[in-house]
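Fold and geometry: a report
So the chains spell out like this:
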Amino acid sequence: MSTLYYILSGENEDVSESELKTLLELYDGGHSVFCWPMICVVRHSNESAWAKVAERASNVREVGQVYDFGPLAGWEDVNLLAGKLRDLAKGSEWIHVTQLHGYLEDEELKRLEGVLEEKTGLTTRYRRGPSLRLIFSGGVVVVGRTLFRAKRRPLYTKVFDRSFAITPSLARTLINLSAVKEGGVLLDPFAGTGTIILEARSIGVIGIGLDIDWSIINGLARNLRHNKNPSIPVLSDGTRASFANIDAVVTDPPYGRGASTRGVELRELLENFLSRSLESLVKWGRVVFMVPAEAELEVDDIVTRVGGLIKSKHYMYVHSSLARVIYVVVPV
C-alpha cells in the first residue's frame, strides 16, 4: 500500500477536497484519506490510482510520495527533524520547504530553514534537480518527494465563445464531482458554447449539449467540429427534453449572466430542469449544477419536491458580492 500527498488549490478548499475525494472513490475504493488545509494524505490500495486522479483533477497542484507525516508537535526537536531529513535526502539536491496554511511565523520558518541547511548540508533555496519536500499545514508536517506537478491546459480551442461561459477549470471540477467514468455519457441541458462538453471529451466522456438558442447551438456545433469532437449538439429546451440512461447531468443554468431564459422564472426553470434530469439518469447517476447563493433555500425546496436528494453542497466565493452554490443531487 503506497502513501501519497495531494496538495490542493487554496482558492476553494471545500470544492478542491470534495473533488479529490470523489475521484479517489472512483479509482480506488480501498483507500483511506486524511486532510488538513490544502493538503490530503492518502493511503492507496490501488498503486496506479494516483496517476489517474492527478491527471483528471482540476484542483490538485502537486502529488508526491510520503516518507513520513505527523503532528508538528512531534517534530519540535529540530535535530531530530534534521536527522530524519538527512537519512531521507539521498539523491536530493535541496530541501523544498512549503507552508500551505499559516502556523509558523515567517521568522520561525526562516530560522528553521537556516538550521536545516546547517544540519543537513542541503540548501532550502531553489535549484534544478530532485528535491526533498517538507510541507507544513496547520499543525501537521509532511515529508516526501514530488511525483507530479500540474501543468494543465485545455486540449481544445474555441472558434465561438461568449463572455458568460464558465472557465475550463470550473467545468472540469463540476464534471469530476459528478463521478462520471470514462466512456460514460454526460448531458448538459444548457450547454452554451460547450465548455463542459469539450472538457468532458478531454477525459474520455461523450457529451450531449442542449441549447434553446439556434445561434448558440450553431456556435457549439462549430466548436465541436473544430476539435473533431463526436459529442452531440441539440437545439432543444433543456427544461423539457427527455433522455434515458444518462450517466451524469452537469450544467451551469442561465440565471441572468447574459444568457436567455426566454422569460422563464429561475424557480420554474430549475424545477423543470431537475425533474427531467433525474428522470434521465441511470440509478447511480448525479446531477451537478450551480446557482447564485441567494437562491439556496429555494433550490433546497425544489430538489426535495422533484424527488431528488442533495448529496453535497459546496460554496464558491467569486468575489465579495458574488457567491455560488454547487449542488450534487442524486435520485432518491
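Read on for a plain summary of the structure. Since this is a predicted model, take the numbers as computed values, not measurements. (Residues numbered from 1 in each chain as written. Predicted model: local features only at pLDDT ≥ 70, side-chain atom pairs only at ≥ 80, totals over all residues. Heavy atoms only, no water.)

Here's the deal with the state of the cysteines
Which entries qualify depends on this criterion: The disulfide definition used here is simple: a pair of cysteine sulfur atoms within 2.5 Å. Think of it in three bands: with a 1.4 Å probe and only protein chains considered, a residue is buried below 20% of the maximum accessible area for its type, exposed above 50%, and partly exposed in between.
One pass over the structure, following the stated rule, counts one disulfide. Covalently, Cys35 is tied to Cys40 through a disulfide, its sulfur atoms 2.0 Å apart. Handedness here is read from the sign of the S-S torsion; for Cys35 and Cys40, about 105 degrees, the answer is right-handed. Given the relative accessible area of 24%, Cys35 is considered partly exposed.

Here's the deal with a negative patch on the surface
The following threshold applies: Residues qualify for a patch when their relative accessible area is over 30% and they have no salt bridge, like charges being joined within 9 Å and the nonpolar side chains of Val, Leu, Ile, Met, Phe, Trp and Tyr within 5 Å. Calculation of accessible area relied on Shrake-Rupley with a 1.4 Å probe; when residues are assessed, cover is drawn exclusively from the protein chains displayed. Salt bridge, as used here: a side-chain nitrogen of Lys or Arg that lies within 4 Å of a carboxyl oxygen of Asp or Glu. Charge counting treats Lys and Arg as positive and Asp and Glu as negative, with His and both chain ends excluded. To locate a charge, take atom NZ for lysine, CZ for arginine, CG for aspartate or CD for glutamate. In DSSP terms, a helix is any run of H or I states spanning at least four residues, a strand is any run of E spanning at least two, and both are numbered starting from the N terminus.
A cluster of acidic residues, Glu105, Asp106, Glu107 and Glu108, forms a negative patch at the surface. Residue position: Glu105 is located in the loop between β5 (94-101) and α4 (106-120). Exposure remark for Glu105: the relative accessible area of 56% places this residue in the exposed category.

Looking at the packing of aromatic side chains
Quick note on the threshold: Each pair of aromatic rings taken from Phe, Tyr and Trp, with Trp reduced to its six-membered ring, is defined by centres within 6.5 Å and is described as stacked if the planes are under 30 degrees apart, edge-to-face if over 60, and tilted in the remaining cases.
Going through the model one piece at a time under the given rule, you end up with six aromatic pairs. Ring centres of Trp94 and Tyr126 lie 5.4 Å apart, and the angle between their planes is 80 degrees; on these two criteria the pair is classed as edge-to-face. A residue pair is termed long-range when its members are at least 10 positions apart, and Trp94 in strand β5 and Tyr126 in the loop between α4 and β6 (131-137) qualify at 32 residues. When its relative accessible area of 5% is taken as the criterion, Trp94 is described as buried. By relative accessible area, Tyr126 is classed as exposed at 64%. Here the aromatic residues Phe190, Phe273, Phe289 and Tyr327 are joined through ring pairs into a cluster of three or more.

Shape is all these values report; function is a separate question.
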